[in-house]
Amino acid sequence: MRFNIWKDFEQKPLPDVLSFVVDNRGKTVPTDVNGNHILIATNCIRNENLYPSYEKVRLLSEDTYQNWFRAHPEPGDIMFVNKGTPGRVCMVPDPIDFCIAQDMVALRANEDIVYNKYLFAILRSWKIQSQITSTTVGDVIPHFKKQQLKEIMIPIPPMRVQKMIGDYYFAFSKKIELNKNINDNLLFQMLLLFDNAREKASWTEQKLENVMEFYDQKRKPLSSRQRDGMHRNYPYYGATTIVDYVEDYIFDGTYILISEDGANVVDENGHPLTQYTFGKFWINNHAHIVKGSNGFSEALLLALLGTINMRSIVTGAAQPKINQANLRNFKTLLPDENEAKKLSNLMDPMLNMMIKNDKENQSLTELRDSLLPKLMSGELDISALNI
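Quantities reported herein were computed from a predicted structural model and do not represent experimental measurements.

Trainee: Which parts of the structure should I look at to understand the packing of aromatic side chains?
Mentor: Within a pair of aromatic rings, the relevant descriptors are the distance that separates the centres and the angle that separates the planes. Tallied over the full model, the rule gives 8 aromatic pairs. On the basis of an interplanar angle of 70 degrees and a centroid distance of 6.4 Å, the ring pair of Tyr54 and Phe98 is categorised as edge-to-face. Here the residue Tyr54 occupies a position in the loop between strand S3 (37–39) and strand S4 (58–60), and Phe98 occupies one in strand S7 (residues 98–99), the gap between them amounting to 44 residues. We classify Tyr54 as partly exposed; its relative accessible area is 38%. Ring geometry for Phe194 versus Trp203: centroids 5.3 Å apart, planes at 70 degrees, classification edge-to-face.

In structure tokens form, the structure reads like this:
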């Protein structure tokens, strides 16, 4: 069975396929640092995630949670960002442990008309995302007005077709989310292992340069014209964003990247913003690139950087920065080489598993996002699918 959902079926305006919209926008919700309810913001909604993440969340009191809001999202609703990054969508998990206020709404599908997972996939489609991007207003802070929702037309194929497409998209997304959760847990275990081992009396105060080898001299800054003119063969990393591809020196292997400058170079606990990367890639001059030395593997180095407070070495009021000299000379408790090797042997399999999961997620994401438009346009026969 082949079909093109954009041409072969009736289309309805988005509001017409909804039973309810959770909309608490319009005024600022009072927060409470001692509260026990989580308030998420638009930064928590990303199209690469199935469910919202919890980044820089705020807390609310019980009274505010019960009495301030017009309504709360329910499991299965779809989060839709209106302002800042319009069009980003995530599913609401079951159980739900957060609430929403400004700059986003929750869309509740009318189950008699549309399957919520199908609606989620449609809203993530290139066609709808492009439409949202082209119709946003505001040069400084883009926003998508509520009345524009009616301009988003949702194809309504038979329910069995909706469920096939929706379950396909959701199954891929759920596996990707599971791998991310496993990696988060593995990293937490690595940090815990390092913290527990640090209490040994044999550890001594040393400079970070004793356990890190820098590759900053091989960083390759690029102009936007250079980036746009290159083929996108390998990822290109900066301080906070990923662009693509240059020509000259290619890093190949596993490294740790440390943010050098930008709006944020340490997290709320003072730890440097770091990430591991692997395979072939490029890097600009806004991040330090390091490997471990003297018994420190990249896994152990990642754990070290995730457990030390480096706020004291950040310089610059207008633009915070961690420079290489301060990073090299930062002192903290470190194990001797033999102990470092033992810890590395414990943590290396964890990092290897994280890399394996990341590779699988790359493949799953590419497969999911390449198959979705083919399912919708009739290039694939959906009767052959077994979800």
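The structure having been displayed, the exposition proceeds.
Trainee: Explain helix H9 (residues 337–377) to me, please; I cannot follow it from the model alone.
Mentor: For an α-helix, 3.6 residues make a turn, and residues three or four places apart therefore share a direction. For H9, with 41 residues, the first-to-last C-alpha span of 58 Å sits near the 60 Å given by 1.5 Å per residue. Of all the bends in H9, the greatest reaches close to 35 degrees and is centred on Met347; the proline Pro349 follows between one and four positions later. Its side-chain oxygen placed 3.2 Å from the backbone nitrogen of Asn338, Asp336 serves as the N-cap of H9. Among the residues trailing H9, Gly378 stands out with phi positive, at a value near 90 degrees.

Trainee: How should I be thinking about the sheet that holds strand S2 (residues 18–22) in this particular structure?
Mentor: Adjacent strands of a sheet form backbone hydrogen bonds with each other and so pair up, either parallel or antiparallel. Judged by pairing direction, the sheet is antiparallel, and its 4 strands sit side by side in the order S2-S8-S5-S6 without closing on themselves. Looking along the sheet, the strands with just one partner apiece sit at the ends: S2 and strand S6 (89–91). Pairwise comparison of adjacent strand axes, ignoring direction, gives a mean angle of 25 degrees for this sheet. When S2 meets strand S8 (residues 104–109), the two strands line up antiparallel, connected through 4 bridges.

Trainee: I'm lost on helix H7 (residues 298–305) in this one. Help?
Mentor: Of all 8 residues making up H7, 8 are buried, and the element is well covered by its neighbours. Of all the positions in H7, only Glu298, Ala299, Leu300, Leu301, Leu302, Ala303, Leu304 and Leu305 are classed as buried.

Trainee: Please clarify how the pattern of salt bridges should be interpreted in this entry.
Mentor: Between side chains of opposite charge, a pair can form as their charged atoms come close. This structure, assessed with the given rule, holds 13 salt bridges. Its salt-bridge partner being Arg25, residue Asp23 comes within 2.8 Å of it at the nearest N-O pair. Put simply, Asp195 and Arg198 hold a salt bridge, and the shortest N to O gap is 2.8 Å. Residues joined by salt bridges that share partners form a network here, namely Asp23, Arg25 and Lys146.

The rules we used
Residues numbered from 1 in each chain as written. Predicted model: local features only at pLDDT ≥ 70, side-chain atom pairs only at ≥ 80, totals over all residues. Heavy atoms only, no water. Phe/Tyr/Trp six-rings, centres within 6.5 Å; stacked < 30°, edge-to-face > 60°. Helix = DSSP H or I, 4+ residues; strand = E, 2+ residues; numbered from the N terminus. Buried < 20%, exposed > 50% of the residue type's maximum accessible area, 1.4 Å probe, protein only. Expected span 1.5 Å × (residues − 1). Bend = angle between axes of the 7 residues up to and from the residue. Polar contact = N/O pair within 3.5 Å; in protein donor to acceptor, adjacent residues only side chain to side chain. Pairing = 2+ DSSP bridges. Axes fitted to C-alpha atoms, helices over the stretch in contact; angles between N-to-C directions. Salt bridge = Lys/Arg side-chain N within 4 Å of Asp/Glu carboxyl O.

By themselves, these observations are geometric and do not establish any function.
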